[in-house]
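Summary of structural features
Okay, here's what each chain looks like letter by letter:
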Amino acid sequence: MNLRHKSWLEISGYDFRLFLLLVLMVLAIAVRHPAMIAGYVLMSFYLAYENHRSFSETTGYDRFFALLVVASCTLMLPLALYRNPNSAFHYITVIAGLLSAVAIVSRPHEYLKCLGWLLVASQASVLAFLFFRGFDDFPLDTMLESSSSNGITSSIICIQVCYSVACICLYRRTTLVTTAITLFISVVGFGRGSIVASGILVVLNSSYIIFSQTNKAIKAIYSAAIFVLLIYAFINIGVIIDYLNQNTKIGSGLFDVERYIINKDYSERLSGVNVIIGVDYKNTVIERFYNGNPHNSFIRAHNIFGIFYVSAIALATIFAFFQPVSRIVRAYSAALIGILLIRGYPEPILFPTPFDTIYIASLLIIRNRSQGTFLASTSSMSAINARRRL
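Note that the coordinates shown come from a computational prediction; the quantities given were computed from them, not determined experimentally. (Residues numbered from 1 in each chain as written. Predicted model: local features only at pLDDT ≥ 70, side-chain atom pairs only at ≥ 80, totals over all residues. Heavy atoms only, no water.)

What about the confidence of the model for the protein?
Put simply, the test is: As a per-residue measure, pLDDT tells how confident the predictor is, with possible values from 0 to 100. Pairs of residues are marked as contacts when any of their non-hydrogen atoms sit within 4.5 Å.
Put simply, the protein has an average pLDDT of 84, and 89% of its residues get 70 or more. Note that residues 1-6 has pLDDT below 50 and, in this model, three contacts with residues that lie over four places away or in other chains. Every residue in residues 370-390 scores below 50 in pLDDT, and together they form 19 contacts with partners more than four places removed in sequence or on other chains.

Comments concerning a nonpolar patch on the surface
Condition: Excluding any residue in a salt bridge, patches collect residues exceeding 30% relative accessible area, merging like charges within 9 Å and nonpolar Val, Leu, Ile, Met, Phe, Trp and Tyr side chains within 5 Å. All accessible areas in this document rest on Shrake-Rupley with a 1.4 Å probe, and a residue is counted as covered only by the protein chains that are shown. Counted as salt bridges are all cases of a side-chain nitrogen of Lys or Arg within 4 Å of a carboxyl oxygen of Asp or Glu. Helical segments are the DSSP runs of H or I of at least four residues, strand segments are the runs of E of at least two, and each set is numbered from the N terminus.
On the surface, L75, L270, V273, V275, I276 and F308 cluster together to form a nonpolar patch covering roughly 500 Å² of accessible area. Inspection of the secondary structure puts F308 in helix α15 (residues 297-319).

A closer look at helix α7 (residues 149-171)
Keep this limit in mind: Between the first and last residue of a helix there are one fewer steps than residues, each counted as 1.5 Å, and that sum is the expected span. Only protein chains enter the accessibility calculation, which uses a 1.4 Å probe; a residue is then buried when its area is under 20% of its type maximum, exposed when over 50%, and partly exposed in between.
Helix length check: α7 (23 residues) gives 32 Å between terminal C-alpha atoms against 33 Å at 1.5 Å per residue, within 8%. Counting buried residues along α7, 22 of its 23 residues qualify, which places the element largely inside the surrounding structure. The first or second residue beyond α7 is R172, which carries a positive phi of 55°.

Digging into the pattern of salt bridges
Counted according to the given criterion, the structure contains seven salt bridges. In this structure, E110 and R107 form a salt bridge, with 3.8 Å as the shortest nitrogen-oxygen distance. Here the two residues E110 and R107 agree in accessibility, since each one is buried. Taking the shortest distance from any N to any O, the salt bridge between E347 and R259 comes out at 3.2 Å. Of this pair, E347 sits in the loop between α16 (327-344) and α17 (356-367) while R259 sits in helix α12 (residues 257-268), and the two are 88 residues apart along the sequence. The buried category is assigned to E347, whose relative accessible area is 8%. With relative accessibility at 16%, the residue R259 sits in the buried group.

The structure is reproduced here in structure tokens:
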């Protein structure tokens, strides 16, 4: 245990480069500056080169789905470029996401450590901003000029989900502290989708901690603490409901009229060849009222690279869970990925974006979690050897 905790505080040259990639991944989405995007792409290719031997160790399934994703995008690239020259960037993002994901999961415990640093740093940045800015007048809407409060909370949820997936697959553990902070940030961010998603995350992580705990004393402590919190929430249920109604979008209901109109308009245009190649935004509500932002990861993916790309992502996600492991790990991992996909439905945080790196990395870790014990030993040796080389 002491060695494990010590390793989380040690920083090697590889750890720094991996953490830099993850930071650039977040900044590329949050700031949307060309320099950050270029930095993310370059670091993705550099880490892929540094860990090039990992590509020869991938399974047949992993290679097949990677080639399927690349082939589906390459097939649609000419048409995508004709519609929007920015599709070249999206294509590079797909390649960078695949390469970096395969590279970083070759050393999964270093990946978990750096992802944990990223999660804590992201949450600390938001909390520090709130400390100085205050909580009045929807503060997260003013944190970043290029990102709304929904974008900020969705990004933290994405990192939290991928971190939880790595924890459960590598250590058969999960975290409740960062999950509770994610819920707090989501409530301050007032978005109903983020509040619901992070609330489900709290329930999932709490349930896993209780039901997977073998130490009866620790299990009793966790159960008692959660029971006390539930009693407190029940006693103050009126105050909680009033706060949510007055300070979040939950007060207006869970149904989002604007996004319903977007989805309805796009789906009504799905006919004939448009189903295969994607619907052009021209003359849609997406173009007229939302500046080309579909507010939906799946519509965005379908519009850029068509049905084959969406199908390739769907198949890769489904087949990630075809592994002979315990039902609780499979169910928990599937629930986590489900939360992320549901959060991506009203917010374009995936497919293709820099966050595809940690999404694909999560699928790879889930697929190879049955090798967890082997990876634990080989990763320690690889870390020692890496330090000797640096």
